[in-house]
Amino acid sequence: MPDGTLAGRPAPAGVAAAGAGRDAHPLVVRNLVKRYGAGRPEVLKGISLSFEPRGVVAIIGPSGTGKSTFIRCINRLVEPTSGEIRFMGRDIVSLGRQELRLVRRRIGMVFQEYNLVERLSVMENVLCGRLGYVPAWRAWLRRYPQADVEQAFDLLDMVGLGDFVHQRADSLSGGQRQRVGIARAVMQDPDLLLADEPTSSLDPKTSVEIMELLARVAEQRHVPVLVNIHDVTLARRFAGRIVGMSEGRVVYDGPPDGLEDEHLRAIYGGEDWLS
Amino acid sequence: MTGAVLHDRIWRRFTPAERLARFAAYLAIVAAFVASLRTVEVIPEFLYDAPEQMADLLNRMWPADLAYYPAGVHAALVETLHIATLGTLFSIVLAVPVALLSARNITRSAALNWLGKLVLVSSRSVNSLVWALLFVAVFGPGALAGTLAIAFRSVGFVGKLLAEALEEAAPGPVEALRAAGAPPASVLLKGFWPQVQPAFWSVALFRWDINVRESAVLGLVGAGGIGLVLNSAMDLFQWDRVATALIAIFAVVIAAEVLVTQIRKRIL
């Protein structure tokens, strides 16, 4: 690693050796490699990181550097080529379909393009977060358990969309849609929240509001949030830890204060843009 | 030097090879037209007196025997509508699983996709009348044979369009539900269904509209409906009754068209 890894951070290998790491590190990634197809270049060249049970971690880096691939490997929306991803003590990479589905219920995800079901109402989109727990026939007949419905109302109040419950998702603005997306992810009652460029399609003011909301979820619900973001200022402002990636490798891992211009040069290349 | 530059600046839409290919294609179309004309063997004498024959036929048809409608046409017309409606419903029940099988973003097996497409193509490659002949032979003449003929012909149509709608569904929401740990049935119901719903209703209504028209001729081969009335009236040279049946079919087709347009406006 060229620079940046701080001495204070425990090495991932040591954590995994210490057992399940259930309390100390809910998510431990070791030597993660991804290439799209045999003979294609490696997008991730052996990523090893471990994550604390709380706080916001921002992954920064230029586009095409593997940030999104990394975050999608964690819930296996993208299949890792090799390596190990331990989540709550289990290796996600080796899980069968059914087990993977059960583990995915505990990992919420927020997307750049919101990925709401456009023709369903706000309420039903939030309730979609419970689909992993609710039998299909109940979802079909819209007979969600009352506890879920009440939690959905609470979450919509929390994200400030209490008045939009019955509106269709396609009638909302980008910021409102992302709030629904966050409510849906929290509805899963997750142990980990992944956010893949949650602010890239939003204006600067809304971006700040969305990051505030994610930080609030992390703090109040004690859910660790792992967020991909290319906006360094936003990352510095809201994350307790920053991981800088460049060309499929981690080139910085440490607190926002430690992120210097030389690190940014290593992450993004060049230097004219820094002045 | 300048000559080369000038040469580079000449622009043609097609290369010489392409132009030759296009000319060959036009030539083939003309040749095919001439060849088919020769095969059809138009008999000039029949062609010349066609207007006379046409006038004579219309003369025999007019005035239409409207008094025959309550006694001979009405029941057959209602049966035609029943054949079309039941056939469409039945075809939807059959088409949904086949569409799920052939949609590549749902069934991730090339062999199964291929199987689904094969079923859909075989359904479409056989005309309703041929299906009707087949089912009349199996179940005997009547509305059942007609209903099955309509259903089996429509499976290919409904299934193909539904499979295409499924394949065009946005992958994002589906991915989001999978990421939340939703089981496959829930992904279908909450991820795909809301997205294909407008296309589904539109296809079902359109097919019903087509089936009303198709079931009107099924009687010609004994598969029930108003075609039976039409056939027997023609055999007996009762052209005024033929006219009544044709007017009834025309009215129903117009009514179906209006109805479908109205419903589509409401649900889309």
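These numbers come from a predicted model, not from an experiment. (Residues numbered from 1 in each chain as written. Chains lettered and ligands numbered in written order. Predicted model: local features only at pLDDT ≥ 70, side-chain atom pairs only at ≥ 80, totals over all residues. Heavy atoms only, no water.)

Participant: An account of the overall build of chain B is requested, with residue identities and associated values reported.
Facilitator: Helix and strand counts for chain B come out as 12 helices and 0 strands. For chain B, the sequential pattern of α-helices and β-strands runs α-α-α-α-α-α-α-α-α-α-α-α. With respect to the principal axes defined by its C-alpha atoms, chain B has extents near 80 × 65 × 40 Å. Across the 268 residues in chain B, those meeting the buried criterion constitute 37%. A separation of at least 24 residues holds for 72% of the contacts in chain B among residues at least 6 apart in sequence. A total accessible area of about 15800 Å² is found for chain B, and carbon and sulfur atoms account for 71% of it. (Helix = DSSP H or I, 4+ residues; strand = E, 2+ residues; numbered from the N terminus. Buried < 20%, exposed > 50% of the residue type's maximum accessible area, 1.4 Å probe, protein only. Contact = heavy atoms within 4.5 Å. Areas by Shrake-Rupley, 256 points an atom, 1.4 Å probe, with all protein chains shown as cover.)

Participant: Give a description of the packing of helix α4 (residues 50-61) of chain B against helix α12 (residues 239-267) of chain B that names residues and reports values.
Facilitator: Residue and element names in this part refer to chain B. Viewed as axis vectors pointing N to C, α4 and α12 meet at an angle of 85 degrees, and their least axial separation amounts to 7 Å. Considered as vectors, α4 and α12 are oriented roughly perpendicular to each other. When α4 is examined against α12, the residues Leu57, Arg60 and Met61 are found in contact with a partner set consisting of Trp239, Asp240, Val242, Ala243 and Leu246. Among the residues forming the contact of α4 with α12, the class breakdown is 6 nonpolar, no polar and 2 charged. (Axes fitted to C-alpha atoms, helices over the stretch in contact; angles between N-to-C directions. Parallel < 35°, antiparallel > 145°, perpendicular 65-115°, else oblique. Nonpolar A, V, L, I, M, F, W, Y, C, P; charged D, E, K, R; others polar.)

Participant: Tell me about the packing of aromatic side chains, and name the residues and values.
Facilitator: Taken as a whole and assessed by the stated rule, the structure comprises 7 aromatic pairs over all chains. Measuring from centroid to centroid gives 5.3 Å for B:Trp131 and B:Phe152, while their planes differ by 50 degrees, and the two rings are tilted. Placement of the pair is B:Trp131 in helix α7 (residues 128-139) and B:Phe152 in helix α8 (residues 143-168), with a sequence separation of 21 residues. Taken together, the aromatic side chains of B:Trp131, B:Phe135, B:Phe139 and B:Phe152 make up a single cluster linked through ring pairs. Here the guanidinium or amino end of A:Arg130 rests over the ring plane of A:Tyr133, the centre of that ring lying 4.1 Å away. (Phe/Tyr/Trp six-rings, centres within 6.5 Å; stacked < 30°, edge-to-face > 60°. Lys NZ or Arg CZ within 6 Å of the ring centre and 35° of its normal.)

Participant: Lay out the pairing of strand β8 (residues 225-228) of chain A with the relevant residues and their values.
Facilitator: Residue and element names in this part refer to chain A. Both faces of β8 are covered, namely the face carrying Val225 and Val227 and the face carrying Leu226 and Asn228. With 4 bridges connecting them, strand β7 (residues 192-196) and β8 associate as parallel partners. Within β8, the residue paired with Leu194 across the bridge is Leu226. With helix α8 (residues 204-220) bridging β7 and the parallel β8, this β-α-β connection has right-handed handedness. (Pairing = 2+ DSSP bridges. Right-handed = clockwise from strand over helix to strand, strands pointing away.)

Participant: Run through the interface of chain B and chain A, naming residues and quoting values.
Facilitator: With 18 residues of chain B at the interface, the matching set in chain A holds 25 residues. Counting across the chain B and chain A interface gives 2 salt bridges. Close ionic contact of B:Glu175 with A:Arg72 constitutes a salt bridge, the shortest N to O distance being 2.6 Å. Elements represented by at least two residues in the side of chain B that touches chain A include exactly α9 (171-179) and α10 (184-215) of chain B. Along the lines of polarity and charge, the residues of the side of chain B that touches chain A split into 11 nonpolar, 4 polar and 3 charged. (Salt bridge = Lys/Arg side-chain N within 4 Å of Asp/Glu carboxyl O.)

Participant: Would you mind going over the confidence of the model for chain A in detail, with residue names and values included?
Facilitator: With 91% of its residues at a pLDDT of 70 or more, chain A has an overall mean of 89. Note that pLDDT drops below 50 for residues 1-22 of chain A; the model gives that stretch 34 contacts with residues more than four away or on any other chain. (pLDDT = per-residue confidence, 0-100.)

Participant: For the pairing of strand β3 (residues 56-60) of chain A, give the residues involved together with the corresponding values.
Facilitator: Residue and element names in this part refer to chain A. Along β3, 5 of the 5 residues are buried, which leaves the element largely enclosed by surrounding structure. Residues Val56, Ala58 and Ile60 line one face of β3 and the alternating positions Val57 and Ile59 line the opposite face, and both faces are buried. Summarising the sheet, β3 and strand β9 (residues 241-246) pair through 4 bridges and their orientation is parallel. Following the sheet pairing, Ile60 is matched in β9 by Gly244.

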